[in-house]
Amino acid sequence: MSIDFDYKGVPHTLDPWRASDDRYDSMVYRRVGKSGLLLPAISLGLWYNFGDNRPFDVQREVLRHAFDKGITHFDLANNYGPPYGSAEENFGRMMRTDFRPYRHELILSTKAGWDMWPGPQGQLGSRNYLLSSLDDSLGRLSIDYVDIFYSHRFDPVTPLEETVGALATAVRSGKARYVGISSYSAEHTAEAKAIADAAGISLVIHQPSYNLLNRWVESGLTDVLRSAGMGAIAFTALAQGLLTNRYATEDAANIDRATSRPTLRATTVTEEVLAKIRGLKTIADEREQSLAQMALAWVLRDPVVASTLIGASSVAQLDENLGALDNLDFSEAELTAIEGYATDAGIDIWRSSSDL
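Residues numbered from 1 in each chain as written. Predicted model: local features only at pLDDT ≥ 70, side-chain atom pairs only at ≥ 80, totals over all residues. Heavy atoms only, no water.

1. Some thoughts on the packing of aromatic side chains
For any pair of aromatic rings, the description rests on two quantities: the centre-to-centre distance and the angle between the ring planes. In total, this model carries 14 aromatic pairs according to the counting rule given. Both rings, one in F74 and one in F91, keep their centres 5.5 Å apart while their planes meet at 50°; by these two values the pair is tilted. Here F74, found in strand β4 (residues 73–75), pairs with F91, found in helix α2 (residues 86–99); they are 17 residues apart in sequence, far enough to count as distant. For F74, a relative accessible area of 0% corresponds to the buried category. Accessibility expressed as a relative area gives 1% for F91, which makes it buried. On the numbers, 4.9 Å between centres and 90° between planes, the contact of F235 with W350 is edge-to-face. With F235 in the loop between β9 (231–234) and α7 (245–249) and W350 in the loop between α11 (332–339) and α12 (351–354), this residue pair connects regions lying 115 residues apart in the sequence. The same class applies to F235 and to W350, which are both buried. (Phe/Tyr/Trp six-rings, centres within 6.5 Å; stacked < 30°, edge-to-face > 60°. Helix = DSSP H or I, 4+ residues; strand = E, 2+ residues; numbered from the N terminus. Buried < 20%, exposed > 50% of the residue type's maximum accessible area, 1.4 Å probe, protein only.)

2. Points about the nonpolar core
Ranked by internal contacts, the top residues of the largest apolar core, which has 101 residues, are L44, F74, F91, F99, F149 and I277. Sort the elements by how many residues they give to this core and helix α9 (residues 291–299) lands first, with eight residues. The next biggest cluster of nonpolar side chains, apart from the first, holds 14 residues, and it includes L39, V204, F235 and L309. (Core = buried A, V, L, I, M, F, W, Y, C linked by side-chain atoms within 4.5 Å.)

3. Looking at the sheet that holds strand β6 (residues 146–151)
The strand order β3-β4-β5-β6-β7-β8-β9-β10 describes a closed barrel built from eight strands, whose pairing is parallel. In this sheet, adjacent strand axes meet at a mean angle of 30° when their direction is disregarded. Pairing analysis gives three bridges linking β4 to strand β5 (residues 107–112), with the strands arranged parallel. Paired with H73 across the bridge in β5 is I107. (Pairing = 2+ DSSP bridges. Axes fitted to C-alpha atoms, helices over the stretch in contact; angles between N-to-C directions.)

Treat this as a map of the structure, not an account of what it does.
Below, the structure is given as structure tokens:
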């Protein structure tokens, strides 16, 4: 007895994704200090838009588009989400299904230092925490090594020799290609670099918060990085969304986004801060850029800053930020005008680490 099967009615299975052939045509790549590490001028951070609070299909669309546009660097941390770990898990899914053929083109980073799990071993800079966290991150990311592993914050209790020693172990074990630090003061950065040199490893990169309204890195850190042959990658270049046209065109009373982002308090968005943002937007308009585009270009004006991180919740937002690459140069008159508005706005919540 023969049985007829409806072969034509079977749904088409998922074809492998293929990256764009012209993905390297428009991105600018910059060297990190004196190292061999090259980063795209704009990198994608997976801090807040890639946890379980966002649909996976949207995440996938943004990540694919980012790589198609030449963004080869994706920056994560053990506790990115929400919930903690979910950003790495979601990216790991992308790694298995989409990015595996392109692994050697990618720069993947993760970090450990802020709170990750309960108990006294769940944060800061001990050898136990850093190396345990790295193993967990590799599992979630579905990879054998990260290209950059960071100590995410300074630990005032654990000897810095132990923290840097753990980074050295990560390199020697083959689980990290490069290592760096984040939110360390200029003094502790120089100390960490000296310890790393003595241990025979290269501490190549620092990830500080830095933007037009938060310029703490200019008070010594960038000088230390230059003299040490290190580079920087700036995070919060858009001040968690403050440095966008939306805040420049609305009154403080009409802005509700601040209360929905846990790292941006509603009390931050004062009329004084909005006046600075409006002044900066006027300069951006004259440059024929959005405020966000000018803010990204501004943090890249110093060659010690190899890259700046952005967050993106949509392809349109990603493309708008990438438009910063169309005009990275500033005249002296523009820089002078910016100085009148680019002053501290009390938005650096990572100061608890960098002030130690």
